[in-house]
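These are the residues of each chain, in order.
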Amino acid sequence: MRRPFSKRPRKKPNVQQITVPTQTRRMNSISEQIEQLSASLISADASDLQILADAHARFEQLAQCVKESGTSSEAMVGCVDRMADSARTMLEQLILMEVDDTAQQLSKVMKTLADLQQLMTTGALPDALVSTDTVQKAFSDSQPKVDVASHEQKSLAKVFADDELELLREFITESSGHLESAEQQMLILEEDPTNTEALSCLFRAFHTIKGVAGFLDLQQIQALAHVTESLMDKARNGQLQLTGTAGDLVMRSIDIGKALVGCLDVAASTRSPLAVLSQVDPLVEKIEGFLAGKQGAAASEATSLPASLEVINVVKDAPKLEINSEVAAADQSAGNEAKPQGDGTVKVATDRLDRLIDMVGELVIANSMVAQDLGPSSKENVRLSRHLGHLGKIVRELQDLSMSLRMVQVQQVFTKMKRLARDTSRKMMKDVELILSGSETELDRNVVEALADPLMHMVRNSIDHGIETPDVRVKAGKKSTGRVELKAFHKGGSINIEITDDGKGLNKERILKKAIEAGIVAPDAVLPDSEIYKLIFAAGLSTADKVTDISGRGVGMDVVKQNIEKLRGRVDISSTPGVGSIFTIRLPLTLAVIDGLVVKVGQHKYIVPINSIEQSLRPTPDMLSTVNGRGELVSVRGALLPLLRLHDLFGVEPTTQDPTKSLVVIVHENDRRACLLVDELLGQEQVVIKNLGEGIGDVRGISGGAVLGDGNVSLIVDVPGLFDVYSNQLTFN
Amino acid sequence: MNTTTRTTRGGKYLTFALGKEGYGLEILKVREIIGIMDITVVPRVPSHVKGVINLRGQVISVIDLRSKFAMPEVDRTEETCIIVVETSCTNGRKRSTGLIVDKVSEVLSITDENIEDAPGFGSSVDTQFILGMGKIGAAVKILLNISKVLGADDEVPAALAA
């Protein structure tokens, strides 16, 4: 076998090219490589397969580099090899989700990396690692040739040729798509095993993967796809249903298939040997066993595949695609330059994106500052004001564009819920179907990310506490299969996400009783239903058995509320006993910028979000009336709307108390409408929303502050919050 | 107070005045000192929270130390200042807060032996805000534990918002 890299250490596939293909062409030093590796791992999340797979390959290259650098002692090389190996084993377990405490596993990997770093910088072997056998083995391998050869045996499974790369990339993109859709179809099938369309789709997915994998000589993927396909073939012929054990097997092969494609991706982008996963063969055997009728044996082991894995790379018997590596190495730089750029997208670090959006926000402020400085006197300088108008248009467009950069579909979160619902309902022994709609709705990326946690809690709660067990459901005259619906849609300038279940509903008497016991509510308080339901968000009522033994819905609900409120959203609950509950999350479209109407009350300026304004008018005396001498009403075109005196609610001194001398702004939030009494309207402005600072926290009726053109901070009116403040005042006064 | 806090108390303190009383803040907690400016009033917050200001694009809350310590408020003068302090919240984030004080004096190095524990005042003075009493010649500076002073705010707005 050839020794492709040992004589040309600098031509080795460069890890930096994984992330920064054009920046650095040559690997400068090993320590740099370690740094990069640690940088990518620090930010890694245990669920990010791409990064993990990437790190997996990098560890291997690292060991290789150390070996080739020629400067290290034998003992050192052996030690590095060992450490890299153990790190890779841990990573592999992570990728295949075989460990429960992923965070701890990840930190173990980090620890190994830190040891490696120490080893490379100081040249000293960390005590823990100098186990006699390593050192002895390393020393006894005094002939470098033997060493390299053995390493080659381990790692040189397959390196891809240039002409294959294009095909390979296509295959990677395609097969990840297929696997994704296979997972979806599988979830559909589990709900409805007779769905032939989903089954054919699933079959097609694996069939295609099998075909192309065979063509590209990717044996593991091919083998896996082949047995899975056979499994589906039986299902198509009606010989078995893809539920229970068979379903778990398919799910498992989808997971492993994803891991395999991940390895392939790394191998393709780094031109490194393709890693071979040790889990594939047991699974293949298991499925074969299952197909052969050993259902009992397969069933018991289907979900507990061997956790121990030792072999990471084995020599593939047919290295026919292995090409002259020296040529490959020589062509490396050219090849990388000509690397096809996928579908024309660029990956950008999120902090850069966030900074861009921040800067655009500041630009918007600066723009309105200049516009304000120019003022109405701009008639004198028509040219300047025209150019300023032009600038404003560009700024506006730039802003829209920059906001859209961060918009992503909620689909990614929703899809996760599908899997979660499946697993949870299994665990709870309930039949639940999760229906998704509107998953193409776009939301700010930060919002979508922050939404994952609360949604998870809520879906889990709905299944856990909302949906009854099948026998209870049947007794209550419902279908035995519970239904949870997750729906996203636009409504009035905000995004609504609804979680509807057809379970037993919330037990408001018990919630209220518990809240009174916990001292959250006064014993004699009379609360509307919606307020009672909101008590489940109270931190003191967070455990299910405290509220009630049957319909708790407390677990993690305070977390849900906090997370949603952090996003300037709100959660509303409605529930009918025996029929089900609806949780509605309302979120603003974007986090950063809103269009606002600047109003003045006395000396103070406030900003009312444009999207909650209907109109503004100056009421005539005959439009005004009072109820019980207290609640003031304005009659606007036949509708009686309550008059909210902003100066009363905010405790400031107005210019005039007389509504007929000032203005009212009609605001709405869903079906609630009201008139806000303000002194003056100052004009419309785009403002960047800022938090009021940690020291103040949440203020009802205020959603944040914004720096106006004059440099002062103005408060942004939170219309729904204001409604609450107003109704509380009426109740408590 | 245990010995560990005792050994770390010596150091540089920014001293300021509230009426006739001299106070000190650990210099590492101070971010900057700015002149008094227009403060945007925020409704429905405790009375010692005067509102928010724009500190170069960042909105920070401003509290009046006089009313925080239940001292009578006075008119603002040329010497009235806002000291911006940076403290860590329980969630690990940094938080900047403006403190309105009558006058900023100077930065003093106070050695550990010149710092004494706050004497008990009975129930009339809450000493948990006090890090210690610094002696500078005949004068006494009340060294504040600013995290405690600000930390006590947290519960109040939460109660209002509920």
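Residues numbered from 1 in each chain as written. Chains lettered and ligands numbered in written order. Predicted model: local features only at pLDDT ≥ 70, side-chain atom pairs only at ≥ 80, totals over all residues.

Q: Talk me through the overall build of chain A; I want residue IDs and the actual numbers.
A: For chain A, the helix and strand inventory stands at 25 helices and 18 strands. For chain A, long-range pairs separated by at least 24 residues make up 67% of all intrachain contacts whose partners lie at least 6 apart in sequence. (Helix = DSSP H or I, 4+ residues; strand = E, 2+ residues; numbered from the N terminus. Contact = placed C-beta atoms within 7 Å.)

Q: Residues and numbers for the overall build of chain B, please.
A: Scanning chain B from N- to C-terminus turns up four helices and eleven strands. The buried share among the 162 residues of chain B stands at 33%. Excluding contacts between residues fewer than 6 apart, the proportion of contacts in chain B whose partners are at least 24 apart in sequence is 53%. (Buried ≥ 20, exposed ≤ 12 C-beta atoms within 10 Å, placed from the backbone.)

Q: Let's hear about the packing of helix α18 (residues 445–466) of chain A against helix α23 (residues 557–566) of chain A: which residues, and what values?
A: Residues and elements named next belong to chain A. For the pair α18 and α23, interaxial distance at closest approach is 9 Å and the crossing angle is 150°. Compared by their axis directions, α18 and α23 come out roughly antiparallel. For the pair α18 and α23, the crossing hand works out as left-handed. Together, Ala450, Asp453, Pro454, His457 and Met458 of α18 and Met557, Val559, Val560, Asn563, Ile564 and Lys566 of α23 make up the contact between the two elements. (Axes fitted to C-alpha atoms, helices over the stretch in contact; angles between N-to-C directions. Parallel < 35°, antiparallel > 145°, perpendicular 65-115°, else oblique. Left-handed = near helix turned anticlockwise from the far one by under 90°.)

Q: Summarise the confidence of the model for chain B; cite the residues concerned and give the values.
A: All names here are of chain B. Per-residue confidence for chain B gives a mean pLDDT of 82; residues scoring 70 or more make up 83%. Note that residues 1–6 has pLDDT below 50 and, in this model, three contacts with residues that lie over four places away or in other chains. Contacts of residues 153–162 to residues separated by more than four positions or lying in other chains number 15 contacts, the stretch itself having pLDDT below 50. Among the prediction metrics, the complex's ipTM stands at 0.79, with pTM recorded as 0.46. (pLDDT = per-residue confidence, 0-100.)

Q: Which residues make up the pairing of strand β7 (residues 580–588) of chain A, and what values go with them?
A: All names here are of chain A. Counting buried residues along β7, seven of its nine residues qualify, which places the element largely inside the surrounding structure. Relative to β7, strand β6 (residues 570–576) runs antiparallel, the two sharing seven bridges. By the bridge assignment for β7, Asp572 is matched with Thr584. The hairpin formed by β6 and β7 contains three residues between the paired strands, and Gly578 there has a positive phi angle of roughly 85°. (Pairing = 2+ DSSP bridges.)

Q: Provide a residue-level description of the sheet that holds β6 of chain A, including the pertinent values.
A: Residue and element names in this part refer to chain A. Read from one edge to the other, the open sheet built from five strands follows the order β2-β4-β5-β7-β6, with strand pairing classed as mixed. The open sheet has two edge strands with one neighbour each: β2 (432–437) and β6. In this sheet, neighbouring strand axes are inclined to one another by 15° on average, regardless of whether the strands run parallel or antiparallel. Contacting β2, β4 (482–491), β5 (494–501) and β7, α18 crosses the sheet at an angle of about 20° to β5.

Q: Go over the nonpolar core, please, and point to the residues and values.
A: Formed by 81 residues in total, the largest nonpolar core has its most connected members in Leu644 and Leu676 of chain A together with Ile83 of chain B. Setting aside residues no more than four positions away along its own chain, Leu644 of chain A makes contact with Leu649, Ala674, Cys675, Leu676, Leu677, Leu722 and Tyr726 of chain A. In terms of nonpolar packing, the next biggest core, distinct from the first, is built from 71 residues, Met186, Leu202, Val261 and Val276 of chain A among them. (Core = buried A, V, L, I, M, F, W, Y, C linked by C-beta atoms within 7 Å.)

Q: Describe helix α17 (residues 411–427) of chain A, and please don't skip the residues or the numbers.
A: In this model, α17 of chain A (17 residues) spans 24 Å end to end at C-alpha, consistent with the 24 Å of a helix rising 1.5 Å per residue. Met429 of chain A, located one to two residues past α17 of chain A, shows a positive phi value of around 55°. (Expected span 1.5 Å × (residues − 1).)

Q: Quick rundown of the sheet that holds strand β16 (residues 680–688) of chain A? Include the residues and the values.
A: Within a beta sheet, neighbouring strands are joined by backbone hydrogen bonds and run either parallel or antiparallel to one another. All names here are of chain A. Read across the sheet, five strands follow the order β16-β8-β9-β18-β17 without closing on themselves; strand pairing throughout is mixed. Each edge of the open sheet carries a strand with a single partner, namely β16 and β17 (702–707). Going across the sheet, the axis of each strand differs from the next one's by a mean of 35°, ignoring polarity. When β17 meets strand β18 (residues 713–717), the two strands line up antiparallel, connected through five bridges.

Q: With reference to specific residues and values, describe the confidence of the model for chain A.
A: Residues and elements named next belong to chain A. For chain A, mean pLDDT is 72; residues scoring 70 or higher make up 73% of the total. Low pLDDT (under 50) marks residues 294–342, which in the prediction has 73 contacts with non-local residues, meaning those over four places away or in another chain. Here residues 542–555 is modelled with pLDDT under 50, and outside its nearest four sequence neighbours on either side it reaches 36 contacts, counting other chains as well.

Q: Give a description of the packing of α17 of chain A against α18 of chain A that names residues and reports values.
A: Relative placement of two packed helices is described by the angle separating their axes and the distance separating the axes. Residues and elements named next belong to chain A. Contact geometry for α17 and α18: axes closest at 10 Å, N-to-C directions at 25°. Between α17 and α18, the crossing angle belongs to the class labelled roughly parallel. The way α17 lies across α18 gives a crossing that is right-handed. Contact residues: α17 offers Gln412, Val413, Lys416, Met417, Leu420, Ala421, Thr424 and Ser425, while α18 offers Val448, Leu451, Ala452, Leu455, Met456, Val459, Arg460, Ile463 and Asp464. Of the residues in the contact of α17 with α18, the class split is eleven nonpolar, three polar and three charged. (Nonpolar A, V, L, I, M, F, W, Y, C, P; charged D, E, K, R; others polar.)

Q: Tell me about the environment of Ala275 of chain A, and name the residues and values.
A: Secondary-structure assignment places Ala275 of chain A in the loop between α11 (244–270) and α12 (280–291). Residues Ala275 of chain A and Glu60 of chain A lie 215 residues apart in sequence; the distance between their C-alpha atoms is 9.8 Å.

Q: Go over unusual backbone geometry with me, naming the residues and quoting the values.
A: With phi around 45°, Arg637 of chain A is a residue other than glycine that occupies positive phi space. Along the chain, Arg637 of chain A turns up in the loop between β12 (631–636) and β13 (639–645). You will see that Arg44 of chain B, though not glycine, has its phi angle at about 60°, which is positive. Tracing the backbone shows Arg44 of chain B in the loop between β3 (30–35) and β4 (49–55).

Q: Tell me what's going on with α12 of chain A, and back it up with residues and numbers.
A: Residue and element names in this part refer to chain A. Helix length check: α12 (twelve residues) gives 16 Å between terminal C-alpha atoms against 16 Å at 1.5 Å per residue, within 8%. Within the span of α12, buried status applies to Val280, Leu283, Lys286, Ile287 and Phe290. The buried residues of α12 occupy an angular sector of 130° when the element is viewed end-on, so they sit on one face. A positive backbone phi angle near 105° is found at Gly293, which sits one or two residues after α12. (Arc of directions from axis to C-beta.)

Q: Just give me the short version of the pairing of strand β9 (residues 604–609) of chain A, but keep the residues and values in it.
A: All names here are of chain A. With five of six residues buried, β9 is to be regarded as a mostly interior element. Sheet topology note: the strand β8 (residues 593–601)/β9 ladder contains six bridges and is antiparallel. When the sheet's bridge partners are listed, Leu597 is paired in β9 with Val608. Direction of pairing for β9 relative to β18: parallel, over a ladder of two bridges. Pairing of Ile607 across the sheet is with Ile716, part of β18.

Q: Just give me the short version of the environment of Ser230 of chain A, but keep the residues and values in it.
A: All names here are of chain A. By the element assignment, Ser230 lies in helix α10 (residues 219–236). Of the residues examined, Ser230 has 15 C-beta atoms within 10 Å and is grouped as partly exposed. For Ser230 and Ile287, which are 57 residues apart along the polypeptide, the C-alpha to C-alpha distance reads 9.1 Å.

Q: Give me the environment of Leu18 of chain B: which residues, what numbers.
A: Residue and element names in this part refer to chain B. Within the secondary structure, Leu18 is located in strand β1 (residues 11–18). In the structure, Leu18 is positioned 62 residues away from Thr80 in sequence and 9.8 Å away in space, judged by C-alpha atoms. Among all residues touching Leu18, those that are not within four sequence positions of it are Tyr23, Leu65, Arg66, Met71, Val101 and Asp102.

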